[in-house]
Amino acid sequence: MKLLNIVQKLEGLANQQRLQHIIETLHQWGIAYTVQQYPTGKNVIVNGGGSKKVVGISSHFDVVHGSPGANDNGTAVAVFLHMLHLLKTHQFKNFGVAVFFFDEEEYGLKGSQAYVEQYGIEQFTGVINIEMVGHGDKFALWQLNEYSKGVVMETFEATAASLGFYTKRFDKIVTNTSDQMSFLNAGLADVFSLTLISDKDLEVAYKFYVAQAAGASIQTLADIMDKAPLFKHYHKPTDLSIHLSEESLQTASRVVWETLVRLDGNCAI
Ligand SMILES: [Zn+2]
């Protein structure tokens, strides 16, 4: 399945049309889903958990007004649609996978907030949130620090390493937030967001750390961050699929899927 094609279908669509596209795709593929309607939006949920433990994978489908939303976050939606296709013919033995397409992440994490308020977090072992995976080949995991622990996050790191992919935990460098925070604030510890970045992004990150340690001003730090290729088109009218790569999308999809396979063989879950 070519994931860039899915991103191209979502590109430039308004939130309502993106929602419609996700629902129509699930419908066509015969995948059962629920739509959670809350006062200001709608989440799409595919919960393959039943009575079992659940590992959640989440993405937001909404866009910032004025941005075509290819990398942020058409890429994650494409990866998850692909994953749902794989889940049609594969069942994990020890847990179910819940797949979330959250609304209004860009407007204060409202969709994921509404989800945890209505359904809680009890059934979850952990949640992997995906943001912007259309560029680069290295995984930024955030907000995690050296002390963060959890079977899902650690299995992700081990899986990526075994497949030859570099991962790095980012704590305070990222001022942005995402839907993993709603789960974290509700008390689930094993949660993180992942983003694909390039070598150049990593270089900028190191410069940022050095400047931060030297007590640089907020403005200086913001100027350094601005130089990261990741943020070049972020929330801008230029967030287009022409800047993205199929290989990055396949990498994200493969490592998340292999993480789930590895987790299923882990008796700690
Ligand atoms: Zn986003």
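Per chain, residues are indexed from 1 in the order of the written sequence. Predicted model: local features are reported for residues with pLDDT of at least 70 only, side-chain atom pairs are reported and counted for 80 or more only, and whole-chain, interface and lining totals are derived from all residues.

**Brief notes about helix 2 (residues 15–29)**
Taking 1.5 Å of rise per residue, the 15 residues of helix 2 would be expected to cover 21 Å, and the 21 Å separating its terminal C-alpha atoms lies within 8% of that figure. Three exposure classes are used, based on other C-beta atoms lying within 10 Å of a residue's own C-beta, which is placed from the backbone: buried for 20 or more, exposed for 12 or fewer, and partly exposed in between. A run of H or I in DSSP becomes a helix once it reaches four residues, and a run of E becomes a strand once it reaches two; helices and strands are each numbered from the N terminus. When we look at burial in helix 2, the residues that qualify are Arg18, Leu19 and Ile22. Buried residues of helix 2 fall within an arc of 100° about the axis and therefore sit on the same side. The exposed set on the far side of helix 2, more than 90 degrees from its buried face, consists of Gln16, Gln17, Gln20, Glu24, His27 and Gln28. By this rule the span expected of a helix is its residue count minus one, scaled by 1.5 Å. Directions are taken from the helix axis to each C-beta atom, and the arc is the one they span.

**Focus on the nonpolar core**
Val77, Val79, Phe80 and Ile128 are the most contacted members of the largest nonpolar core, which has 67 residues in total. With eight residues, helix 3 (residues 70–87) is the single largest residue contributor to this core. By the convention adopted here, residues make contact when the C-beta atoms placed from their backbones lie within 7 Å. Setting aside residues no more than four positions away along its own chain, Val77 makes contact with Leu10, Ile22, Ser59, Phe61 and Phe101. A set of buried Ala, Val, Leu, Ile, Met, Phe, Trp, Tyr and Cys residues, joined through C-beta atoms within 7 Å, is what we mean by a nonpolar core.

**A short note on the packing of helix 5 (residues 151–162) against helix 9 (residues 246–264)**
Packing of helix 5 against helix 9 leaves a shortest axis separation of 9 Å and a crossing angle of 115°. With respect to the hand of their crossing, helix 5 and helix 9 are arranged in right-handed fashion. Judged by residue contacts, Val152, Thr155, Phe156, Thr159 and Ala160 of helix 5 engage Val255, Glu258, Thr259, Arg262 and Leu263 from helix 9. The class makeup of the residues in the contact of helix 5 with helix 9 is five nonpolar, three polar and two charged. Here an angle of 0 to 180 degrees is reported between the N-to-C directions of two axes, which are lines fitted to C-alpha atoms, with helices fitted over the stretch in contact. Left-handed is the label given to a crossing in which the near helix is rotated counterclockwise from the far helix by less than a right angle, and right-handed is the label when the rotation is clockwise. Classes in brief: Ala, Val, Leu, Ile, Met, Phe, Trp, Tyr, Cys and Pro nonpolar; Asp, Glu, Lys and Arg charged; the others, Gly included, polar.

**Looking at unusual backbone geometry**
Here the bond from Asp72 into Asn73 is cis, since omega is 10°, no more than 30 degrees from zero. On the secondary structure map, Asn73 appears in helix 3. Here the bond from Trp142 into Gln143 is cis, since omega is -20°, no more than 30 degrees from zero. Examined against the element boundaries, Gln143 turns out to sit in the loop between strand 6 (138–142) and helix 5.

**Some details on the confidence of the model for the protein chain**
As a per-residue quantity, pLDDT reports the predictor's confidence and falls between 0 and 100. Across the protein chain, the average pLDDT comes to 94, with 97% of residues at 70 or higher. Summarising per-element confidence for the protein chain, the mean pLDDT is lowest in helix 8 (residues 218–226) (91) and highest in helix 5 (98).

**Topic: the pairing of strand 2 (residues 41–47)**
Where strand 1 (residues 34–38) lies against strand 2, five bridges are found, and the strand directions are antiparallel. What sits directly across from Gln37, in strand 2, is Lys42. For two strands to be treated as a pair, DSSP must find no fewer than two bridges joining them. Following strand 1, the chain reverses through two residues before pairing antiparallel with strand 2. In terms of strand pairing, strand 2 meets strand 4 (residues 96–102) through four bridges, oriented antiparallel.

**A closer look at the environment of Val99**
Note that Val99 resides in strand 4. Residue Val99 is classed as buried on the basis of its C-beta count, with 21 C-beta atoms lying within 10 Å. Excluding residues within four positions of it along the chain, Val99 makes contact with Val46, Ile57, Phe80, Met83 and Leu84.

**Notes on the sheet that holds strand 4**
Strand order across the open sheet formed by eight strands is 1-2-4-3-5-8-6-7, with mixed pairing between neighbours. Two strands close off the open sheet at either side, each with one partner strand: strand 1 and strand 7 (167–170). For this sheet the average axis-to-axis angle between neighbouring strands, irrespective of direction, equals 25°. Bridge count between strand 5 (residues 124–130) and strand 8 (residues 191–197): four bridges; the pairing is parallel. By the bridge assignment, Ile130 is partnered in strand 8 with Leu194. Its contacts with the sheet place helix 3 against strand 2, strand 3 (54–60), strand 4 and strand 5, and it is angled at close to 145° to strand 3. Sheet strands touched by helix 4 (residues 110–119): strand 1, strand 2, strand 3 and strand 4. Its angle to strand 2, the strand with the most contacts, is close to 60°.

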